[in-house]
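# Close look at the chain arrangement
The residues making up each chain are set out below.
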2 protein chains.
Amino acid sequence: MRKFVSDKSCRKLLHRSFQNLTQKLQHHNHQHKAPPSSVSQSRFLSSSSMAPCSSSNPSAPSVTLDNINPKVLKCEYAVRGEIVTLAQRLQQELQVKPGSLPFDEILYCNIGNPQSLGQQPITFFREVLSLCDHPSILDKSETQGLFSADAIERAWQILDQIPGRATGAYSHSQGIKGLRDTIAAGIAARDGFPADPNDIFLTDGASPAVHMMMQLLIRSEKDGILCPIPQYPLYSASIDLHGGTLVPYYLDEATGWGLEVSSLKKQLEAAKSQGITVRALVVINPGNPTGQVLGEKNQREIVEFCRKEGLVLLADEVYQENVYVPEKTFHSFKKVSRSMGYGEADICLVSFQSVSKGYYGECGKRGGYMEITGFSPEVREQIYKVASVNLCSNISGQILASLVMSPPKVGDESYDSYCGEKEGILSSLARRAKTLEDALNNLEGVSCNKAEGAMYLFPRIELPLKAIKAAEAVNSAPDAFYCRRLLNETGIVVVPGSGFGQVPGTWHFRCTILPQEDKIPAVVSRLTDFHKRFMDEFRG
Amino acid sequence: MRKFVSDKSCRKLLHRSFQNLTQKLQHHNHQHKAPPSSVSQSRFLSSSSMAPCSSSNPSAPSVTLDNINPKVLKCEYAVRGEIVTLAQRLQQELQVKPGSLPFDEILYCNIGNPQSLGQQPITFFREVLSLCDHPSILDKSETQGLFSADAIERAWQILDQIPGRATGAYSHSQGIKGLRDTIAAGIAARDGFPADPNDIFLTDGASPAVHMMMQLLIRSEKDGILCPIPQYPLYSASIDLHGGTLVPYYLDEATGWGLEVSSLKKQLEAAKSQGITVRALVVINPGNPTGQVLGEKNQREIVEFCRKEGLVLLADEVYQENVYVPEKTFHSFKKVSRSMGYGEADICLVSFQSVSKGYYGECGKRGGYMEITGFSPEVREQIYKVASVNLCSNISGQILASLVMSPPKVGDESYDSYCGEKEGILSSLARRAKTLEDALNNLEGVSCNKAEGAMYLFPRIELPLKAIKAAEAVNSAPDAFYCRRLLNETGIVVVPGSGFGQVPGTWHFRCTILPQEDKIPAVVSRLTDFHKRFMDEFRG
């Protein structure tokens, strides 16, 4: 009897979902590469004809490149792309046969991963994390000898902010309320404008927050997101994965990667004329891969543009602590828009922050947050719902996000050592940036803009025609050809400009400024020697 | 000059992306609710007419429920839905006005979050995490007094597995190789069949792994995923977010939530006849919300079914440590398929595991992995690429995942205390399950299947017609009506069966077995009294 009911109702339910589906299909078709019927047919064939032959196949044939989500197939992420795979292979070679290559170590300058290159974590932050992971040692006498007093005190404060002091429990979907209070206070102190803990969504690094916003805004290929070119490939990858259209706007290399609002307008109009609904504008400040820091006047123009056009301003501000030139200062877009008198009613603004960058560089902890303002309660509820589906971000990352927004203060036991560590890292990064920038500008046919901020240089290379032809001969982009040669001959890993986008016909690569200072001379000499050899080989 | 170039090439690039888009649009339309033209039009209107009026609006109008991704709008996640929001409001009321409600605390039985209800973490695991967060104390003398010797030793081992001992660095996109080696060894020891570290993808809990597979497999609404009903709503939510179709198969309550392969076949055929391409079968074992543990014979039938039909078997095995009855044992689907002689060439199999469940219950650490077998190298590359876009999962979660798959062994200093903690938690969970199961079966019109495993009971309630009418009168599902009344009168939070799916016309709720043992009597008496009052009020 029950079986009967269950089967019947099962078909009912199934039928409902199909009705619903069929209705949907009436006004929009789906995303198969081939027409649906043929695709379904081939599925039927495969699924009925597969079983007998499957055992003889090298791998189960039910999933192939022809039948996976084409959005996945389309998306690219150069920062961990082909060159990095080659680097990993070379590293294994070095382990198996030391001395078999013209270099003794791989220098990963492809990704902003400071601690992988020897940067040490901030002691205070790690003390607090360690204590929160194992609170039962907090009141042991030995702990006093191992941890600073303010780390112990901060750990107690944080534990008291966690319901039941349960550091192993799922938190509120937006993150632990007490930690969001701390972060909001940190934002308010930074900007001089209030911040609301209910606007904070803690996430596993900034990337999931970016995906969440793309998922919210992108309905189809007819929805566009304005992105800088060159851009951090997370944005192009996320737009591809969510099936939207990247609407590019070019940063102007001639003016130090300046952002011209006139070019934003041109691109917006061009997109509209193609029937694209532009939903949002991505701005990365300080810039990745370009390293420029936007001026306040420029930021005001951008805010005004987004407000007028009704675009969501997606502000990637994960490098807010990474500014290396005295003449530039970081201003958050929230501060700028509020100082223009614009509030909740005027502009939808999302600011992304991460524990992976700055002077802390805690990439492996996967902590970060987004601050969202200007969204209606109904839309915020939808963002909350999406956050809830993944339950919450990791608690250690949440704690770390609160620490970077509220580091030791004057008078705290750790204050001096904290300042020493912070300044040591930031001043060293500034020196490394300058040294590499100068070295690059000394190379024949290479021009590199000033590294004002972030963790990267994005030099332009004028490649000889012979090199371009040699690249074409092996079906490689000329910049990828150059980077592969650089890796094979020196062990230095950089990312071809084509992975970030560049003015067609120009060639660049992205190089981090993160190798430790004692390694910089080696990087410079290896790079210089290689570049000279390369140019000698291909100079016309 | 450069500006000119950049603008020109910019338009070129834009043009390319649109060409590409236009081609796509030729054979498939997009997912707007309204026809594209009108939608674009309304966008043009809004974006041109918005600026002037925006300041007068309560919130920036550029993002509304009408123009966000309809997939987001559609998705639901009951475990953190309406009832939980009500519970949070009541909790605030209790804080502001203690004594204002008929109960003095909220008992969250809505979600498998053991440590939020007082379960203590496994000491050894937390010791290792704490040491890995702050390695500089590893060789301090005080550390010997605070941490067990094997925790210190394990921390050293793990640090040596991390390149440069950099616990703050991004790892390999699949997770730290040494930790994947440990996990693969743990799987091999569990199953008696080899496991390959390159098949392991470490993730922030199991949820992102499930999303990754849905993203890979679902191309459109014409792609279906076979899911159990009742199911854990992560699956319906993920299928909705990725735009696929959930193809339900009913678990049979009459046979203790048994899984009938005949019903799988019926549903698969029904789906095919509707033009749905079924890509995968989701099996949750031990079951959530149903708590049943599959028999090996049943598992073999499921493996055979997936192999024959060319379906990916998505095995949710996060409750593998949560089995409470002597007559049942957990067998992984990998072990079952290998013991049937099926290998890489025969079946695509994905096993999900998490640090959030089991006896460890470390939900907040967001650790987990998926083991994928049977996929071609090309497809695996695509999965790797998607994993790379988010760089890596959090390192503490990665370490914890390796610890749960390789806990202390006989002879280790922590072994006895570890076993004591583990057995204490599991035997207590078994007692709590039995007590609650009996209590529920004592209630008028309630029948509850045996809690064989997992962390939940899913009792069926025969609601009086008067109660159903009363629910309809307030536009509520009868089970949601019952659960809201239960919460308002007792502070006990459970999730209505409608959030998981149930045979139409039957009503259930999901209740975790996680309240600490000293609270169980209160839960039972509160629930019993409430139920009696409820039935007295509505009995015909």
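Residues numbered from 1 in each chain as written. Chains lettered and ligands numbered in written order. Predicted model: local features only at pLDDT ≥ 70, side-chain atom pairs only at ≥ 80, totals over all residues. Heavy atoms only, no water.

Identification of chain A as alanine transaminase from Quercus rubra is taken from an unreviewed UniProt entry. Quoted verbatim from the Sequence similarities (unreviewed entry) heading of the UniProt record, the comment on chain A is "Belongs to the class-I pyridoxal-phosphate-dependent aminotransferase family. Alanine aminotransferase subfamily." (UniProt positions renumbered as here; feature names shortened; annotations may be inferred.)

All names here are of chain A. With respect to topology, 7 strands assemble into an open sheet ordered β2-β8-β7-β6-β5-β3-β4, the strand pairing being mixed. In the strand order of this sheet, the two ends are held by β2 (200–203) and β4 (245–250), each with one partner. If you compare each strand with its neighbour and ignore which way they point, the axes differ by 20° on average. The sheet contacts of helix α9 (residues 207–217) involve β2, β3 (223–229), β5 (277–284), β6 (312–316), β7 (349–354) and β8 (368–373), and relative to β7 the element is tilted by about 155°. (Pairing = 2+ DSSP bridges. Helix = DSSP H or I, 4+ residues; strand = E, 2+ residues; numbered from the N terminus. Axes fitted to C-alpha atoms, helices over the stretch in contact; angles between N-to-C directions. Contact = heavy atoms within 4.5 Å.)

Turning next to the side chain of asparagine 69 of chain A. Examined against the element boundaries, asparagine 69 of chain A turns out to sit in the loop between α2 (36–54) and α3 (70–74). A relative accessible area of 5% places asparagine 69 of chain A in the buried class. From its side chain, asparagine 69 of chain A meets the backbone nitrogen of lysine 71 of chain A in a polar contact 2.9 Å long. Residues in contact with asparagine 69 of chain A, not counting those within four places in the same chain, are Gln215, Leu216, Ile218 and Arg219 of chain B. (Buried < 20%, exposed > 50% of the residue type's maximum accessible area, 1.4 Å probe, protein only. Polar contact = N/O pair within 3.5 Å; in protein donor to acceptor, adjacent residues only side chain to side chain.)

Turning our attention to the sheet that holds strand β2 (residues 200–203) of chain B. All names here are of chain B. An order of β2-β8-β7-β6-β5-β3-β4 is seen for the 7 strands of this open sheet, with the pairing classed as mixed. Strands at the two margins of the open sheet, each flanked by one partner only, are β2 and β4 (245–250). Averaged over all pairs of adjacent strands, the angle between their axes in this sheet comes to 20°, without regard to strand direction. Here β2 runs beside strand β8 (residues 368–373); their pairing, made up of 4 bridges, is antiparallel. Bridge assignment links leucine 202 to a residue of β8, and that residue is tyrosine 369. Each of β2, β3 (223–229), β5 (277–284), β6 (312–316), β7 (349–354) and β8 is contacted by helix α9 (residues 207–217), which is oriented at about 155° to β7, the strand it contacts most. Against the sheet, helix α12 (residues 296–309) contacts β3, β5 and β6, and its axis sits at roughly 165° relative to β5.

Right, let's talk about the UniProt feature "domain: Aminotransferase class I/classII large" (unreviewed entry) in chain A for a bit. Per the UniProt entry, the sites bearing "domain: Aminotransferase class I/classII large" (unreviewed entry) are residues 162–524 of chain A in this numbering. Secondary structure within residues 162–524 of chain A divides into 40% helix and 16% strand; the distance between the first and last C-alpha atoms comes to 48 Å.

To continue, consider the environment of serine 263 of chain B. Residues and elements named next belong to chain B. Relative to the elements of secondary structure, serine 263 occurs in helix α11 (residues 261–273). Judged by its relative accessible area of 3%, serine 263 falls in the buried class. Put simply, serine 263 and alanine 470 are 207 residues apart on the chain and 34 Å apart in space, counted from C-alpha to C-alpha.

Within this structure, the stated rule accounts for 59 salt bridges over all chains. For arginine 431 of chain A, the salt bridge goes to glutamate 517 of chain A, with nearest N and O atoms at 2.7 Å. With a gap of 86 residues between them, arginine 431 of chain A in helix α16 (residues 415–441) and glutamate 517 of chain A in the loop between β14 (507–512) and α19 (520–538) connect regions that are remote in the sequence. When the shortest N-O distance is used, the salt bridge between glutamate 105 of chain B and lysine 519 of chain B registers 3.2 Å. Residue glutamate 105 of chain B is located in the loop between α4 (82–96) and β1 (107–108), and its partner lysine 519 of chain B is located in the loop between β14 (507–512) and α19 (520–538); the two are separated by 414 residues in the primary sequence. Look at glutamate 105 of chain B and you get partly exposed, because its relative accessible area is 27%. Here the salt bridges share partners, and the residues they tie into one network are Glu444, Lys532, Asp536 and Arg539 of chain A. (Salt bridge = Lys/Arg side-chain N within 4 Å of Asp/Glu carboxyl O.)

A separate point is unusual backbone geometry. Backbone torsion omega between asparagine 285 of chain A and proline 286 of chain A reads -10°, so that peptide bond is classified as cis. Structurally, proline 286 of chain A is set in the loop between β5 and α12 (296–309). Here the residue pair isoleucine 229 of chain B and proline 230 of chain B is connected by a cis peptide bond, since its omega of 0° sits within 30 degrees of zero. Along the chain, proline 230 of chain B falls in the loop between β3 and α10 (234–241). The backbone phi angle of arginine 165 of chain B is positive, close to 50°, even though this residue is not glycine. With respect to the element layout, arginine 165 of chain B can be found in the loop between α7 (149–161) and α8 (177–191).

Residue placement: glutamate 127 of chain B occurs in helix α5 (residues 123–133). Judged by relative accessible area, which is 6%, glutamate 127 of chain B ranks as buried. Along the sequence, glutamate 127 of chain B and leucine 146 of chain B sit 19 residues apart, while their C-alpha atoms lie 9.0 Å from each other. If we ignore the near neighbours within four places in the chain, the residues touching glutamate 127 of chain B are His134 of chain A together with Leu146, Phe147, Ser148, Ala151 and Ser414 of chain B.

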